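Geometric and topological summary
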Amino acid sequence: MTRLLGGAFLVVGTTIGAGMLSLPLITAACGLWVSIVLIIISWSVMYLTALRLIKVCAHQPLGVNFTSLIKEEMPKSLQVVFTLVYLLLLYALMAAYTTQGASLVNLVSQAQVPTVSVDAIVFILIFGLVILSTRLSDYVNRSFVSVKLVFYVLCVVSMLFALKWANMLKMPLSFYALVFAWPTLLPSFGFQNIIPVLYEYQKGDVQAVKRSVFIGSIAVLVIYIIWLIVCLAILPQQGVHSYETIFKDGNTLTALMSEIKQATQSASINTFLSVFVNISIITSFICVGLSLYHYIRDTFRRFNIELNKIIGFLLTFIPPFIFTVFYPKGFILALQYAAIFAVVIFVFTPIYLDKENRKEVINFYPLVLGALVIIAQVLNLAGIAQPF
């Protein structure tokens, strides 16, 4: 039972990051009920591909990762492409979390002169060393996720008394509202990178892994839906102090927090939201770092090289550290492409690897919806899809 809950917490910790707070900014133009339908569809797609990946892992020894999984199923040219895309995705996420973590260290230390390099090193040493032990990662992540959920509840309760029924009845403003939202919603359930880690953590117990994934992903789905309900019901789509004005002012999380504070007239809501954001950064950093560490270790095993923990740690954290120090904004564009990378890794790849069921009709469901993410994101990057 302990490992079952630990696995579920790993799924929750990997999936729910600071980006959850921005979901209302992405979906506001869709209206509440359409947003809920889209988020449920997103969960169903990613849960289906997760089951495919678990089935593939079941035929492999403990310690397996994507490198081992693709070794016999892909030609070498595709293996190289996959490795580059996967590393780019994980390193982009790690760089983003390291940058935010450095800001958190600076905030806590209240240093007069911010030093990104020192702050980043402190953050990595405090929370990065945790990944060297899967059991320690589990306990630390479980503790932080528990605290994060407490502050999530405090945020929701603080907003309940300011909800407006009329805001819940809004429908999509245009087709482009759906195009704008879809590339963010599907990858918001991107927990497949933790499945090989779960398989090892659960000692190869496939049923336990499935239960952990189901419980964890359902918990994430419920948390997302509740968050969308309170946020989209508290502010109108259009007008003064609306999501439209937030979008025109840059669609920032800071602006959303300010409008929520004004709507709730709560002095503590900003504190609750800030604590939630910062803990989300830590849990995402630990879970993504754990996935990257296991992937690097598995990649070297493919060449019969057994990495010691120190080398694995350095390979995991030095690249994001370098980009954090020298190119703190260099990953913004990469993160915009993260949705495309996530579809390739978390949707297309599990279906491709499950060769026994590769041609099943049900696979068209995630494949088509995943392809629509790529198309929609291209339109978004081109500036064509404007929700308001």
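Since this is a predicted model, take the numbers as computed values, not measurements.

About the cut-offs
- Residues numbered from 1 in each chain as written.
- Predicted model: local features only at pLDDT ≥ 70, side-chain atom pairs only at ≥ 80, totals over all residues.
- Heavy atoms only, no water.
- Phe/Tyr/Trp six-rings, centres within 6.5 Å; stacked < 30°, edge-to-face > 60°.
- Helix = DSSP H or I, 4+ residues; strand = E, 2+ residues; numbered from the N terminus.
- Buried < 20%, exposed > 50% of the residue type's maximum accessible area, 1.4 Å probe, protein only.
- Salt bridge = Lys/Arg side-chain N within 4 Å of Asp/Glu carboxyl O.
- Axes fitted to C-alpha atoms, helices over the stretch in contact; angles between N-to-C directions.
- Left-handed = near helix turned anticlockwise from the far one by under 90°.
- Nonpolar A, V, L, I, M, F, W, Y, C, P; charged D, E, K, R; others polar.

**Side note on the packing of aromatic side chains**
Counted by the stated rule, this structure contains 16 aromatic pairs. Relative to Phe127, the ring of Phe123 lies with its centre 5.2 Å away and its plane at 55°, an arrangement referred to as tilted. Residue Phe123 and its partner Phe127 are both found in helix 6 (residues 116-128); the two are separated by 4 residues, about one turn of the helix. Comparing Phe123 with Phe127, the two get one shared label, buried. Measuring from centroid to centroid gives 5.1 Å for Phe189 and Tyr224, while their planes differ by 65°, and the two rings are edge-to-face. Residue Phe189 is found in the loop between helix 9 (175-185) and helix 10 (195-201), and its partner Tyr224 is found in helix 11 (residues 206-234); the two are separated by 35 residues along the sequence. Among the residues examined, Tyr224 registers a relative accessible area of 2% and is labelled buried. A network of ring pairs unites the aromatic residues Phe123, Phe127, Phe144, Phe285, Phe313 and Phe317 as a single cluster.

**With respect to the pattern of salt bridges**
Throughout the structure, instances matching the rule amount to 4 salt bridges. Between Arg52 and Asp354 there is a salt bridge, with the nearest N and O atoms lying 3.4 Å from each other. Residue Arg52 is found in helix 3 (residues 32-57), and its partner Asp354 is found in the loop between helix 17 (338-353) and helix 18 (364-381); the two are separated by 302 residues along the sequence. A salt bridge links Lys248 to Glu244; its shortest N-O distance comes to 3.5 Å. In this pair, Lys248 and Glu244 both sit in helix 12 (residues 243-248), 4 residues apart, roughly one turn of the helix. Look at Lys248 and you get exposed, because its relative accessible area is 61%.

**Some points on the packing of helix 5 (residues 76-109) against helix 14 (residues 269-301)**
Interhelical geometry of helix 5 versus helix 14 gives an angle of 145° and a closest axis separation of 9 Å. Read as a crossing pair, helix 5 and helix 14 show a hand that is left-handed. Residue classes in the contact of helix 5 with helix 14 are distributed as 16 nonpolar, 8 polar and no charged.

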